[in-house]
Amino acid sequence: MVNTFEKSVSYDAIVIGSGITGGWAAKELCEKGLKTLMLERGRDVRHIKDYPTANLNPWDFEYRLNNTNKESTENPIRSGTSDESDRMFYVSDKEHPYIQHKPFNWIRGYQVGGKSLIWGRQCYRLSDLDFEANIKDGISIDWPIRYKDVSGWYDYVERFIGVSGRHENLPYLPDGCYQPPMELNCIEKHLAASIKKNEEHRLLTIARVANLTRGLTDRGPCQNRNLCTRGCPYGGYFSSNSATIPAAAATGNLTIRPFSVVKEIIYDEKLQKATGVRIIDLNTLEEFEFNARIIFVNASTINTTSILLNSKSSRFPNGIGNDSEQLGHNLMDHHSSSGASGTHEGFKDEYYKGRRPCGFLIPRFRNIGKGEKVDFLRGYNFQGRGEREGWQEKKNNLKGFGATFKDQLTKPGSWSVWMGGWGECLPYFDNKIALSENKKDKWGLPLIEIDFSFRENEHLMMKDIQNTGAIMLEKAGFKDVNTFSYNTPGGATVHEMGTARMGNDPKTSVLNKHNQIHAVRNVFVTDGSCMTSSACQNPSLTYMALTARACDYAVNEMKKGNI
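To keep things clear, this report deals only with the structure shown in the data block. Since the model is a prediction, treat every value here as computed from it, not as a measurement.

Calculation rules
Counting starts from 1 at the beginning of each chain's written sequence and moves along it residue by residue. In keeping with the predicted nature of the model, local features appear solely for residues at pLDDT of at least 70, side-chain atom pairs appear and are counted solely at 80 or more, and the whole-chain, interface and lining totals rest on all residues. To get the side-chain values, take all heavy atoms of the structure and skip hydrogens and water. Working definition: helices are DSSP H or I runs of at least four residues, strands are E runs of at least two. Numbering for both runs from the N terminus. Only protein chains enter the accessibility calculation, which uses a 1.4 Å probe. A residue is then buried if its area is under 20% of the maximum for its type, exposed if over 50%, and partly exposed in between. Residue contacts follow a heavy-atom distance rule, with two residues in contact if any of their heavy atoms lie within 4.5 Å. Pairing of aromatic side chains here covers Phe, Tyr and the six-membered ring of Trp, requires ring centres within 6.5 Å, and sorts the geometry by plane angle: under 30 degrees stacked, over 60 edge-to-face, intermediate tilted. Buried residues of nine kinds, namely Ala, Val, Leu, Ile, Met, Phe, Trp, Tyr and Cys, make up a nonpolar core once their side-chain atoms join them within 4.5 Å. Throughout this description, the term salt bridge denotes a Lys or Arg side-chain nitrogen within 4 Å of a carboxyl oxygen of Asp or Glu. Two strands pair if DSSP finds at least two bridges between them. Working convention: axes come from line fits to C-alpha atoms, limited for helices to the stretch in contact. Angles between N-to-C directions cover 0 to 180 degrees. Two N or O atoms form a polar contact when they lie within 3.5 Å of each other; inside protein one atom must be a possible hydrogen donor and the other a possible acceptor, and for residues adjacent in sequence the pair counts only when both atoms belong to side chains.

1. Side note on the environment of Phe 524
Relative to the elements of secondary structure, Phe 524 occurs in strand β17 (residues 520-525). Using a relative accessible area of 0% as the deciding quantity, one classes Phe 524 as buried. Between the C-alpha atom of Phe 524 and that of Asn 298, which follows or precedes it by 226 residues, the distance is 8.8 Å. Beyond its immediate chain neighbours, meaning those up to four positions away, Phe 524 contacts Ile 295, Phe 296, Val 297, His 514, Asn 515, Gln 516, Ala 550, Tyr 553, Ala 554 and Ile 563.

2. Looking at the packing of aromatic side chains
Applying the stated rule across the entire model yields 22 aromatic pairs. Between Phe 524 and Tyr 553 the ring centres are 6.4 Å apart and the planes differ by 70°, which places this aromatic pair in the edge-to-face class. Placement of the pair is Phe 524 in strand β17 and Tyr 553 in helix α13 (residues 540-560), with a sequence separation of 29 residues. Residues Phe 524 and Tyr 553 agree in their burial class; the two are buried.

3. Concerning the nonpolar core
Within the largest apolar cluster, 86 residues are counted, with the highest numbers of intra-cluster contacts made by Ile 16, Ile 161, Ile 265 and Ile 450. The element that contributes the greatest number of residues to this core is α13, accounting for six residues. The residues touching Ile 161, leaving out its near neighbours within four places in the chain, are Trp 24, Cys 123, Ala 210, Leu 212, Leu 216, Arg 219, Phe 238, Leu 541 and Met 544. Counting residues in hydrophobic clusters, the runner-up holds 36 residues, among them Ala 192, Ile 206, Val 209 and Phe 365.

4. Some thoughts on the pattern of salt bridges
What the rule picks out here adds up to 34 salt bridges. Taking the shortest distance from any N to any O, the salt bridge between Glu 132 and Lys 136 comes out at 3.1 Å. The closest approach of N and O atoms between Glu 557 and Arg 521, which form a salt bridge, is 3.6 Å. Note that Glu 557 is positioned in helix α13 and Arg 521 in strand β17, a separation of 36 residues in sequence. A residue is classified by how much of its surface remains accessible, and Arg 521, at 38% relative accessible area, is partly exposed. One network of salt bridges, in which partners are shared, links Glu 132, Lys 136, Asp 142 and Arg 146.

5. Comments concerning the side chain of Gln 111
Among the structural elements, Gln 111 can be located in the loop between β3 (99-100) and α4 (128-131). When near neighbours in sequence (up to four residues on either side) are disregarded, Gln 111 contacts Ser 18, Glu 40, Gly 42, Arg 43, Val 45, Met 88, Phe 89 and Leu 117.

6. A closer look at unusual backbone geometry
Going from Gly 220 to Pro 221, the amide bond is cis rather than trans, its omega being 5°. In this structure, Pro 221 sits in the loop between β4 (205-206) and α8 (240-250). Here the phi dihedral of Asn 224 falls at roughly 55°; this positive angle occurs in a residue that is not glycine. Examined against the element boundaries, Asn 224 turns out to sit in the loop between β4 and α8. Its identity as a non-glycine residue notwithstanding, Gln 272 has a phi of 60°, on the positive side. Within the secondary structure, Gln 272 sits in the loop between β6 (260-268) and β7 (273-281).

7. Some thoughts on the sheet that holds β3
Pairing is mixed in the open sheet, where three strands are placed in the order β3-β14-β13. The open sheet has two edge strands with one neighbour each: β3 and β13 (432-440). As paired elements, β3 and strand β14 (residues 446-451) share two bridges and run parallel to each other. Bridge pairing in β14 links Ile 99 to Glu 449. Along the sheet, helix α9 (residues 301-310) contacts β13 and β14; its crossing angle with β13, the most-contacted strand, is approximately 60°.

8. Side note on the side chain of Asn 253
The topology assignment puts Asn 253 in the loop between α8 and β5 (254-257). Judged by its relative accessible area of 12%, Asn 253 falls in the buried class. Only 2.9 Å separates the side chain of Asn 253 from the backbone oxygen of Cys 30, close enough to count as a polar contact. Side-chain polar atoms of Asn 253 contact the side chain of Lys 35, separated by 3.0 Å. Excluding its chain neighbours within four sequence positions, the residues that come into contact with Asn 253 are Cys 30, Gly 33, Leu 34, Lys 35, Thr 36 and Ala 248.

Below is the structure:
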């Protein structure tokens with residue numbers, strides 16, 4: 001870490017962002033011998049040292065893990081996602097405003113490690129069902145890659161981060177390189193057996209997650225505390241802080257500069273390439289310029305695209321690389337607000353121990369080539385968990401006091417299952433981000449405007465999620481089955497993607513098949529903004545695989561003298 005910087009310094013590579021993909025870019029570039037500068041707009045966070053709440057009990061917090069009225073009022077988006085235990089890893093709505101044309105929950109993590117400290121850790125591969133979906137449906141544009149182009153990079157990433165899971169031999173959800181799976185509890189096994197018996201082409205399996213069931217080098221294993229978003233001092237789950245940044249730092253090639261708000265990428269019109277990055281110091285408001293041969297933009301979808309849009313020149317008056325006028329468009333996020341729940345009267349003599357940090361998965365079963373007819377395109381998966389009712393769930397029905405009351409507190413209630421559908425969002429051109437023409441933030445940069453909504457296809461899918469969820473629970477003997485739709489806005493699933501999509505044709509896309517800006521060969525974009533469609537799987541594993549792949553290509557091109 002270097003804490004003082006000259007006004008202009010040169011490196012082999014610059015990585016903008018330190019989250020899941022920024023950490024991977026830094027690791028790969030440093031390990032390939034490039035002197036690399038990582039720019040992070042937020043504060044520094046050191047693994048273990050800067051996880052102050054990791055080992056605290058609920059009663060150690062002033063408000064017992066509840067948000068105050070002030071917090072809820074000033075930060076309605078942050079307070080809906082975090083509490084006292086992990087609030088320090090979420091961005092304040094009040095301090096970092098943006099413009100919503102329609103409700104959109106933009107959840108951010110401005111610190112070294114970014115949202116890798118608070119992600120859901122679900123790791124699923126895309127298949128050719130996903131990579132070929134646009135061209136087969138005649139929607140948007142075709143992906144420039146197929147599964148064979150990225151399968152080896154999935155292997156590479158999974159082995160390094162450590163993913164626990166079970167092989168299921170599903171062509172539309174490819175298996176990976178897994179540590180031993182976590183175990184389903186008895187009610188989940190019961191539901192799995194019912195689905196296997198009653199629902200052809202469906203199955204229930206344990207989630208595939210970047211939580212270690214076996215130790216990996218100096219990390220893990222997972223302690224089953226389920227306190228992941230506080231930062232894990234055991235390294236039981238993958239984050240930039242616990243894995244990729246230490247690997248990059250070990251090479252001696254990494255420099256990290258926190259408190260660095262990227263203003264723009266500098267483009268040289270004579271050289272026809274980017275020469276560096278101009279930043280504003282978060283605290284002093286001074287401007288600095290750093291130069292590099294290659295630049296990886298990994299600031300997380302919306303921030304990445306805002307940087308590209310703000311990087312203007314006479315060659316690129318509407319943002320660097322924006323010849324196609326697609327930059328900022330085709331914003332996507334999964335919807336995960338619909339589902340079903342129910343209780344079961346059996347298994348009263350069984351329980352479980354620990355707090356398993358994941359639930360179960362029912363992989364996609366709609367529109368996978370089985371000949372069924374539904375009134376929407378693409379599909380969804382179910383993610384859920386089964387558990388026994390505890391005192392917190394029973395508290396409104398507890399009566400009495402003294403020994404009788406305490407006895408009720410310690411007796412578990414009925415088993416229940418909750419499951420929600422994670423569904424694909426189609427790429428709509430007018431779901432977009434843009435830069436405000438007249439409103440700026442405290443650093444003098446344009447506020448970001450977000451205009452996003454789910455459409456008829458997504459709403460039809462949500463109805464199907466509720467119906468199929470209820471039917472599966474009822475067939476498994478669950479009672480009091482309820483369907484729900486929380487009607488949460490875009491952004492709530494925190495899977496924002498698109499806005500700088502990959503494609504074969506520079507006239508309709510921003511990036512080529514190597515995540516390289518078509519017209520600026522030394523700038524690469526490998527976070528969620530590169531996605532051409534969203535599939536329904538949690539996307540972070542794909543981002544990481546694409547990042548490792550692009551780094552390999554970039555360095556080879558540098559060696560050939562093409563960059």
